[in-house]
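# Examination of the molecular architecture
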Amino acid sequence: MKELATTPLPSQSSLGILKWVPRLEFVAIPIFAVICGFVIFSIFLVLLGKSPTDFFALVYKAGFSTAFSWQNTLSRAAPLLLAALCVALPAKLGLVVIGGEGAIALGAVAAGAIGAYLTNVSGVIALPILFLASAFTGAFWIGLVGFLRIKRGVNETIASLLMAYIAIAISNHLIESVFRDPASLNKPSTASLSEALRVGAMPIGIDVHWGFLAGLIACIVSWILVEKTTLGFSARIAGGNIRAAQVQGLPVAKLIIGFTALGGAIAGIAGFYEVTAVHGSANASVFAGYGYTGILIAFLARHNALAIVPITIMLAGFEASSGLIQRRMDLPDATILVFEGIVFVTILFSETLYGRFRFSKHEYWKAGV
Amino acid sequence: MTINPQTNHTQSAASVEAINMTMKFGEFTALDNVGIKVKPGSFHALLGENGAGKSTLVKCIMGFYHATDGQVLVDNKEAQMDDPKDAQAIGLGMVYQHFTLVPSLTGAENLLISRVNAPNIINWSDENDDMTAFIDKMPFKVPLDVPVSRLSAGEKQKLEILKQLYLGSRFLILDEPTSVLTPAEADEVLSHVKKLTKDNKVSVLMITHKFKEVTKFADEVTVLRRGKFAGGGDVSTLTANDMAVMMMGSETPKVEFNRAPTADDNILKLSNVKAQDRSGLKHILIKDLKVRAGEILGVAGVSGNGQTELMEILTGQRPMTDGAITVQDHPFSGTREQSKKYQVRYLPEEPLQNACAARMSVAENLAFRIFDMQGDKKRFWKSDQDIKTFAHKMITEFNIKTVSTDSPISTLSGGNVQRAVLARELTGDVKLLVISNPCFGLDFSAVLAIRKRIIEARNNGVAVLLISEDLDEIMELSDRIVVMSEGSINYETEANSADITKIGHYMAGHS
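Residues numbered from 1 in each chain as written. Chains lettered and ligands numbered in written order. Predicted model: local features only at pLDDT ≥ 70, side-chain atom pairs only at ≥ 80, totals over all residues. Heavy atoms only, no water.

Quick look at the overall build of chain A now. Helix and strand counts for chain A come out as 17 helices and zero strands. In terms of overall dimensions, chain A is globule-like: its C-alpha atoms have a radius of gyration of 23 Å, near the 21 Å expected for 369 residues. The buried share of chain A, taken over its 369 residues, is 52%. Taking contacts inside chain A between residues at least 6 apart in sequence as the whole, the part at least 24 apart equals 76%. In the structure as shown, chain A presents an accessible area of about 16400 Å², 69% of it carried by carbon and sulfur atoms. Of the side-chain charges in chain A, 24 are positive and 17 negative, and the distance between the mean point of each set is 10 Å. (Helix = DSSP H or I, 4+ residues; strand = E, 2+ residues; numbered from the N terminus. Rg over C-alpha atoms; globule rule 2.2 N^0.38 Å. Buried < 20%, exposed > 50% of the residue type's maximum accessible area, 1.4 Å probe, protein only. Contact = heavy atoms within 4.5 Å. Areas by Shrake-Rupley, 256 points an atom, 1.4 Å probe, with all protein chains shown as cover. Lys, Arg positive; Asp, Glu negative; His and termini not counted. Charge placed at Lys NZ, Arg CZ, Asp CG, Glu CD.)

If you want it as structure tokens, here you go:
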């Protein structure tokens, strides 16, 4: 120990590439956990008398094999990327916010309601207005969760969940009353947006709307914010130990409100794309549970904004295959939820494995040098 | 083992004696050959500072710990306690510092569920008759039919004591039983306990910090200091001052430091600062406190007299209700901007819990002060390279022992965490350093290194406010000493002419 302390620099560099090995556990352990989840789910299928190989083949076929299946997967991925960030960003401050669904719903209503009045405005002007309206609505809603946490000490998990229910109730009320398009008979909706206010597909050959790109950018920007800026570093200190952050004089209250509001804004944007790119109006199909799947994704990604991308695509693929599995394997569509749930639980269990393996310790590699 | 409350609480008080108790945790000796004898029906106080070994001793008696060496005698017979259940079976009970009652259940329900042999089907009419009979024999009453959450703190503490008697305890350990009570409640509860010992129902061993409670209620006292027996005897033959000296020790400073002269300008000033204390029941009031450049002002006091709150007020974690703090004659509230501008740094007690993010790396923790500044300019982009270079510099300069700059700081030993925090807080321009119990729980060499750094900073013109429960440390480091008692400062003296018995007198709450 002594010689290490006096010469920390050489011992560091002599490790060379090996010093990265301990970090591999952040990849190896989740992969191991997902494989365990696959195995447990396979047992579940066998007990039902179904073939696990058929199941995984169908998931691959429906989610990842052809241009059409990729189109299906990536369209679902767009709102999920944004919803996951609404969990991952507050998590950097140690807050478990699970009410992104509410911000998506209100963001969608904001875009649908305002969009209905902008019938003769060109998209160049109107779309940024709708975009900002959705973002601000979401930011207000989840920012309120952070505000309640600081001012009144209200548990943010419970507050955000209950506020999601309130948000959905408000959204349903608005869609069915003041903003209802009289022409929408069976499914209450806001008035259909004019063609100028529709967000189209990206020019990549398959029909995936721009929301997917927005989601990717949001993930990258969030990662940079957290990992590369002093603001993100301050947030991580506050999330790591709030007392230490207070002693350092860091603006803990502002950071909490700021990060919850930012997460809310991003979820609100998911609502904007659901309205302008998918449904063409705000209605109850917009809040179809993306916010809740986002929680799962953020936890699987260990709240790392870049890790959210591959995990979202994986889960979006699973969800895209739900219909095919229902038809081909004669299983209920909840089967995919069982699958997701099992994977979620194995990932949560795997949290206890970090730092337990010899390969994850610097000392192990040092001894070999 | 079954307990029958109906017969047990008619038994009389037990005598408990611990002989030559030694407890080692690895290399560390928490308890060194300590003996204590609690006579039947006596009220015995166990005094000592934090870390003096009081909890270790009672945990050995109660069978939570298996002592490295020594024996426990109950009623003059050797007793083998492998776990707390064995202790309960022979009538040894403990009341903890924090309540262990279930708030949503009534007193009667709480008593019942605490029994080892609580029945699966409860015949409430029988149980109620039993409890009424039991309560009638007790010298004090607590309503048993309302939920515990509706009882006052004093009533809860009385119920905790009743619970132990109901379980048949003939010897009770009370762990700082009054720390959550108001002074009036504390008086009431302890007089009831005293009555119980007088009636020979139970013998009591009470852990405490408060001299007043010892002189008022206890028959005998044992004082521990740094894991060793430091004195004791009949309370009637001892004064609070005697006990304070036993508790704090009165050795002269072991190390003499060279001291540069102190400047005249006041760096830190507190005037009429008022705030609520942790319990919300009492107030902290600092009328006038000044620290000059190149001076160490030691704040002495028995723990729990407002020192933690003072630290929190200075760091901006506890709101003031009145008064003003100035640093270099500018109003100060502990924001990051002010701390930078007026060069204020902190060294809170238990640095891993109060000054570090345990899961972040050593390098990141070292960067808490500098990550957002590049010279005088505010940074937006964090520089991992600068953080790493700075970390290597600190690790070498302050001799911090770590495997790598990327290791989580929680993997470091206590002394190295303290060195890391010291490195972070002492690097750069510092005008005021606020320190709380910097050497708590550290080994001798780490203590010496850290004290040297503090003196060095002082000699470079830093104003140092040192809050410490260790009077030796205060005597060794300070230029001037104030004593804090019940949330206020009640005594001030120059360190070189300080009279330790006088300091003890004021620490004991006299004024």
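That was the structure; now back to the text.
What follows covers the pattern of salt bridges. All names here are of chain B. Per the counting criterion, the structure on display carries 31 salt bridges over all chains. A salt bridge links Lys 163 to Glu 160; the shortest N-O distance between them is 3.8 Å. With Lys 163 and Glu 160 both in helix H6 (residues 153–166), this residue pair falls three residues apart, about one helical turn. Residue classification places Lys 163 among the buried positions, given a relative accessible area of 10%. Within the structure, one salt-bridge network assembled from shared partners comprises Arg 292, Glu 295, Arg 480 and Glu 492. (Salt bridge = Lys/Arg side-chain N within 4 Å of Asp/Glu carboxyl O.)

Turning next to the sheet that holds strand S7 (residues 171–175) of chain B. All names here are of chain B. Reading across the sheet, the six strands line up as S6-S7-S8-S3-S9-S10 and stay open at both edges, with mixed pairing between neighbours. Each edge of the sheet is formed by a strand with only one pairing partner; in this case those strands are strand S6 (92–95) and strand S10 (228–234). For this sheet, the mean angle separating the axes of adjacent strands, direction not counted, is 20°. Sheet analysis places S6 next to S7, joined by four bridges and oriented parallel. Of the residues in S7, the one forming a bridge with Met 94 is Ile 173. (Pairing = 2+ DSSP bridges. Axes fitted to C-alpha atoms, helices over the stretch in contact; angles between N-to-C directions.)

This part is about a nonpolar patch on the surface. Residues and elements named next belong to chain A. Where nonpolar side chains cluster on the molecular surface, the patch consists of Phe 26, Val 27, Ile 31, Ile 35, Val 39, Ile 43 and Leu 47 and spans about 690 Å² of accessible area. Within the secondary structure, Ile 43 sits in helix H3 (residues 25–47). Residue classification places Ile 43 among the partly exposed positions, given a relative accessible area of 48%. (Patch = residues over 30% accessible without salt bridge, like charges linked within 9 Å, V, L, I, M, F, W, Y side chains within 5 Å.)

Let's shift gears to the sheet that holds strand S19 (residues 432–436) of chain B. Residues and elements named next belong to chain B. Spatial ordering of the open sheet is given by S16-S19-S20-S13-S21-S22, a layout of six strands whose pairing is mixed. Edge positions in the sheet fall to strand S16 (344–347) and strand S22 (488–494), since each of these pairs with one other strand and no more. Across the sheet, the axes of successive neighbouring strands diverge by a mean angle of 15°, strand direction being ignored. Bridging between strand S13 (residues 296–300) and strand S20 (residues 463–467) involves four bridges; their strand directions are parallel.

Residue and element names in this part refer to chain A. Contact pair helix H13 (residues 290–300) / helix H14 (residues 305–320): the axes reach a minimum separation of 9 Å and the direction vectors enclose 135°. In terms of their interaxial angle, H13 and H14 are classed as oblique. Note that H13 runs across H14; the crossing there is right-handed. On H14, the residues that touch Thr 293, Leu 296, Ile 297 and Leu 300 of H13 are Ile 308, Ile 311, Thr 312, Leu 315 and Glu 319. A class-by-class count of the residues in the contact of H13 with H14 yields six nonpolar, two polar and one charged. (Parallel < 35°, antiparallel > 145°, perpendicular 65-115°, else oblique. Left-handed = near helix turned anticlockwise from the far one by under 90°. Nonpolar A, V, L, I, M, F, W, Y, C, P; charged D, E, K, R; others polar.)

We note that the domain assignment places domain 1 (5–248), domain 2 (252–343 + 429–511) and domain 3 (359–428) within chain B. Look at where the C-alpha atoms of domain 1 of chain B and domain 3 of chain B centre, and you get two points 45 Å apart. (Domains from an automatic or database assignment.)

All names here are of chain A. The domain boundaries assigned to chain A delineate domain 1 (1–50 + 331–369) and domain 2 (67–330). The straight-line distance from the C-alpha centre of domain 1 to that of domain 2 is 29 Å. Listed by partner, the interface residues are 14 residues for domain 1 and 14 residues for domain 2. Here domain 1 meets domain 2 over a buried area of about 1500 Å², counting both sides, of which 69% is carbon and sulfur. When the buried area of domain 1 at its contact with domain 2 is split by residue, Leu 331, Ile 336 and Glu 340 rank highest and sum to 39% of it. At the junction of domain 1 and domain 2, the tally comes to zero salt bridges. Seen at the junction of domain 1 and domain 2, the total is two residue pairs in polar contact (both at pLDDT 80 or more). Contributions of two or more residues to the side of domain 1 that touches domain 2 are made by H3 and helix H16 (335–350). Take the side of domain 1 that touches domain 2: its biggest share by element is six residues, from H16. (Buried area = accessible area lost by both parts, 1.4 Å probe. Polar contact = N/O pair within 3.5 Å; in protein donor to acceptor, adjacent residues only side chain to side chain.)

Membership of the largest hydrophobic core comes to 149 residues, with the highest contact counts inside it found for Phe55(A), Phe212(A), Ile308(A) and Leu366(B). Discounting chain neighbours no more than four positions away, the residues touching Ile308(A) are Leu81(A), Ala84(A), Leu85(A), Ala88(A), Cys219(A), Ile297(A) and Ala301(A). Of all hydrophobic cores here, the second largest spans 63 residues; its members include Phe211(B), Val223(B), Ile474(B) and Tyr491(B). (Core = buried A, V, L, I, M, F, W, Y, C linked by side-chain atoms within 4.5 Å.)

To continue, consider H3(A). Residues and elements named next belong to chain A. Over its 23 residues, H3 extends 33 Å from the first C-alpha to the last, a length consistent with the 33 Å expected when each residue adds 1.5 Å. Taken together, the buried positions of H3 are occupied by Glu 25, Ile 29, Pro 30, Ala 33, Val 34, Gly 37, Phe 41, Ser 42 and Leu 45. Check the buried side of H3 and you find it contacts helix H4 (52–65) and H16. In the segment just after H3, Gly 49 is the residue with positive phi, at about 80°. (Expected span 1.5 Å × (residues − 1).)

In this section: the packing of aromatic side chains. Applying the stated criterion across every chain, the model contains 20 aromatic pairs over all chains. Ring plane angle 75° and centroid distance 6.5 Å describe the contact between Phe64(B) and Tyr96(B), whose orientation is recorded as edge-to-face. With a gap of 32 residues between them, Phe64(B) in the loop between helix H2 (54–62) and strand S4 (69–74) and Tyr96(B) in the loop between S6 and helix H4 (107–114) connect regions that are remote in the sequence. Owing to a relative accessible area of 36%, Phe64(B) belongs among the partly exposed residues under this scheme. Aromatic side chains Tyr491(B) and Tyr506(B) sit 4.3 Å apart centroid to centroid with 5° between the ring planes, which places their arrangement in the stacked category. Here the residue Tyr491(B) occupies a position in strand S22, and Tyr506(B) occupies one in helix H18 (residues 500–507), the gap between them amounting to 15 residues. Each member of the pair, Tyr491(B) as well as Tyr506(B), is classed as buried. These aromatic residues form a ring-pair network of at least three members: Phe38(A), Phe41(A), Phe44(A), Phe55(A), Phe56(A), Phe318(A) and Phe339(A). (Phe/Tyr/Trp six-rings, centres within 6.5 Å; stacked < 30°, edge-to-face > 60°.)

With that settled, the discussion passes to the side chain of Glu101(A). All names here are of chain A. In this structure, Glu 101 sits in helix H6 (residues 100–117). The buried charged residue Glu 101 lacks any salt bridge partner; its closest oppositely charged side chain belongs to Arg 76, at an N-O distance of 13 Å. If we skip the residues at most four places from it in the chain, Glu 101 touches Ile 168, Phe 287, Ala 288, Gly 289, Tyr 290, Gly 291 and Tyr 292.

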